[in-house]
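Secondary and tertiary structure notes
Okay, here's what each chain looks like letter by letter:
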Amino acid sequence: MAESNVIFEVVPSQQNSRWNEIVRSFAHWDIYYLNEYAHSFEIHGDGEALLIYFVWADRAADADDIQEQKECRLCYAVMKKDIGRDERFASALQRDVWYDLETPYGYGGFLLQGTFTEAARESFEREMYAFAKREKIVSQFVRFYPVYRNDIPYAGLTDSKTRYLRDTIYIDTTDKENIMVNMDSKNRNMVRKAVKNGVSICHDKGEHLDEFIQIYEATMAHDHAAAYYYFEREYYEYLIEHMGEHVEFFYSVYEGKYIGAAMFFYNGEYMHYHLSGMYAQYRSTAATNLLLYEAALWAHKQGIRLIHLGGGMEAEDSLFGFKKQFNKKGRLPFYVGRTIFDEQSYRELLRLRKEKDNSFDMENGFMIQYRR
């Protein structure tokens, strides 16, 4: 006979070593799962960072029969949020009544090793629902990671659903020559134009943080970005100090002035375009085209196999159009998902929203509808 052994562990952000030990034990971990990445969004005010770790093993009764062992492991980071702190529930809901979970800004979802069998899924759900009940968690919202396509195993969960939002773009950096070849012809011309215009690219570990913040915030102001997309200096300084080996800043320089900048995260396999900006008056220099090209060359030298650029704010918008110039064949689909752990409380939250604001549409298209 065989017996199933289960581990279900919820690791708080204060347990940095344990958290990262778990993440780095997976063969193809990425920076979105690291403790420091999640903690940076605690600093940003996004809630309490937690790592959920689950192991399901179906082991033969004979301990020597290792070949008969089957194991599935997964982990993922979430931000636990007090719904009563949401301004949309101001005066309508006290604090510490209900919570929900959301993957940190960027991408997330299951970091999975082994086969997520039906037995493993059922075991995970039992543990997850018990945890949600203990912690008064109503629902969960997940931004899946397009490189992993981890929306697929999640879609099989009970009371869960996934939805395709839009495509994202990656640059293949495994072959130096193909970085340029995979660009469309217009983009290749823009890179050459930037060089001809005298634009140069430099990079560092954050020594020019003041310039980065000035460029980034000027861009956010020009684009009328929401307050959420502005970050306190503490956020950047924390990342530079605690994730320095995974962070690189690139700058476009023109006539001795820093005119554009981008912040990247990376590990041995993947690199990510995190935050970027460009002074509006210099956009005609094509400096950003050159910056991303040079960043891709740098990634290749590090042995990194791809840069994930992300997508646009909407499907096929101008930002997505810019990014797709870097790889004609580089589309990856972006999905989001949700799980409702407590349907009754979920409906009550919708009722409270409607009671507070009669114009609120209880059947809106948001995945977590009460946060519309």
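Because the structure is predicted, anything quoted here is derived from the model rather than measured.

**Regarding the overall build of the protein**
- Regarding its fold elements, the protein presents eleven helices and 13 strands.
- Its C-alpha atoms give the protein a radius of gyration of 22 Å, near enough to 21 Å, the size a compact globule of 372 residues would have.
- The proportion of buried residues among the 372 residues of the protein is 52%.
- Restricting the contact set of the protein to residue pairs at least 6 apart, pairs at least 24 apart contribute 74%.
- In the structure as shown, the protein presents an accessible area of about 17,300 Å², 47% of it carried by carbon and sulfur atoms.
- Each charge class in the protein can be summarised by its mean position, and for the 45 positive and 57 negative side chains these summaries are 6 Å apart.

**Remarks on helix α11 (residues 343-356)**
- Between its first and last C-alpha atoms α11 spans 20 Å; for 14 residues at 1.5 Å apiece the expected length is 20 Å, and the two agree.
- For α11, every residue scored as buried is listed here: Ser345, Tyr346, Leu349, Leu350, Leu352 and Arg353. The arc that holds the buried residues of α11, viewed along the axis, is 160°, so those residues lie on one side. Opposite the buried face of α11, by more than 90 degrees, sit the exposed residues Gln344 and Glu355.
- Those residues of α11 that are buried are in contact with β6 (137-143) and β13 (331-340).

**Notes on the packing of aromatic side chains**
- Throughout the structure, instances matching the rule amount to 42 aromatic pairs.
- An angle of 65° between the planes, with centres 6.2 Å apart, marks the rings of Phe89 and Tyr370 as edge-to-face. Placement of Phe89 in the loop between β3 (70-82) and β4 (99-102) and of Tyr370 in the segment after α11 is noted, with a sequence separation of 281 residues between them.
- Residue Phe89 is classed as buried on the basis of its relative accessible area, which comes to 0%.
- Ring centres of Tyr266 and Trp298 lie 5.2 Å apart, and the angle between their planes is 85°; this geometry places the pair in the edge-to-face category.

**What about the nonpolar core?**
- One finds Phe124, Phe212, Tyr236, Phe264 and Met271 to be the most contacted residues of the largest nonpolar core, which totals 123 residues.
- It is helix α9 (residues 287-301) that provides the largest number of residues to this core, a total of ten residues.
- Aside from chain neighbours lying at most four places away, what touches Tyr236 is Leu209, Phe212, Ile213, Tyr216, Phe231, Met263 and Leu275.

**Considerations on the environment of Asn327**
- Inspection of the secondary structure puts Asn327 in the loop between α10 (318-324) and β13.
- Since its relative accessible area comes to 4%, Asn327 is described here as buried.
- Excluding residues within four positions of it along the chain, Asn327 makes contact with Ile169, Tyr170, Ile171, Asp172 and Asn182.
- Side-chain polar atoms of Asn327 contact the backbone oxygen of Tyr170, separated by 2.9 Å.

**Overview of the pairing of strand β12 (residues 306-310)**
- The buried fraction of β12 is high, at five of five residues.
- The side-chain alternation of β12 yields two buried faces, one formed by Leu306, His308 and Gly310 and the other by Ile307 and Leu309.
- Judged from the four bridges that link them, strand β7 (residues 160-172) and β12 form a sheet pairing that is antiparallel. Within β12, the residue paired with Ile169 across the bridge is Gly310.

**Looking at the state of the cysteines**
- Considering all chains together, one arrives at zero disulfides under this definition.
- A disulfide-free cysteine, Cys75 has its sulfur positioned 11 Å from the sulfur of Cys72, the nearest such atom.
- Here Cys75 falls in the buried class, since its relative accessible area comes to 0%.

**A closer look at empty space enclosed by the protein**
- Per the counting criterion, the structure on display carries one cavity of 30 Å³ or more.
- For the largest cavity, the calculated volume is near 50 Å³.
- For the largest cavity, the full set of lining residues is Phe124, Glu125, Met128, Tyr129, Gln140, Leu157, Thr158, Ser160, Thr339 and Phe341.
- With four residues, the top contributor of residues to the lining of the largest cavity is helix α3 (residues 118-134).

**Considering the pairing of β4**
- Burial of β4 is two-sided: the residues Tyr99 and Leu101 facing one way and the residues Asp100 and Glu102 facing the other way are all buried.
- Here β3 pairs with β4 via four bridges, running antiparallel. In the sheet register, Asp82 faces β4, and the bridge partner there is Tyr99.
- Summarising the sheet, β4 and β6 pair through four bridges and their orientation is parallel. Each bridged residue has a counterpart across the sheet, and for Leu101 the counterpart in β6 is Gln140.

**Thoughts on the pattern of salt bridges**
- Taken as a whole and judged by the stated rule, the model has 23 salt bridges.
- The residue Arg305 makes a salt bridge to Glu269 at a minimum N-O spacing of 3.3 Å. Residue Arg305 is found in the loop between α9 and β12, and its partner Glu269 is found in the loop between β10 (257-266) and β11 (270-278); the two are separated by 36 residues along the sequence.
- What makes Arg305 partly exposed here is its relative accessible area of 36%.
- Of the charged contacts in the structure, one is a salt bridge between Lys324 and Glu316, with a shortest N-O distance of 3.8 Å.
- Glu316 gets classed as partly exposed once you look at its relative accessible area, which sits at 48%.

What counts, and at which threshold
- Residues numbered from 1 in each chain as written.
- Predicted model: local features only at pLDDT ≥ 70, side-chain atom pairs only at ≥ 80, totals over all residues.
- Heavy atoms only, no water.
- Helix = DSSP H or I, 4+ residues; strand = E, 2+ residues; numbered from the N terminus.
- Rg over C-alpha atoms; globule rule 2.2 N^0.38 Å.
- Buried < 20%, exposed > 50% of the residue type's maximum accessible area, 1.4 Å probe, protein only.
- Contact = heavy atoms within 4.5 Å.
- Areas by Shrake-Rupley, 256 points an atom, 1.4 Å probe, with all protein chains shown as cover.
- Lys, Arg positive; Asp, Glu negative; His and termini not counted.
- Charge placed at Lys NZ, Arg CZ, Asp CG, Glu CD.
- Expected span 1.5 Å × (residues − 1).
- Arc of directions from axis to C-beta.
- Phe/Tyr/Trp six-rings, centres within 6.5 Å; stacked < 30°, edge-to-face > 60°.
- Core = buried A, V, L, I, M, F, W, Y, C linked by side-chain atoms within 4.5 Å.
- Polar contact = N/O pair within 3.5 Å; in protein donor to acceptor, adjacent residues only side chain to side chain.
- Pairing = 2+ DSSP bridges.
- Disulfide = S-S within 2.5 Å.
- 1 Å grid on protein atoms, 1.4 Å probe; cavity = no way out; pocket = protein on both sides within 12 Å on 5 of 7 lines; lining within 4 Å.
- Points joined across faces, edges and corners; volume = space filled by probe spheres on them.
- Salt bridge = Lys/Arg side-chain N within 4 Å of Asp/Glu carboxyl O.

These values are about where atoms sit, not about what they do.
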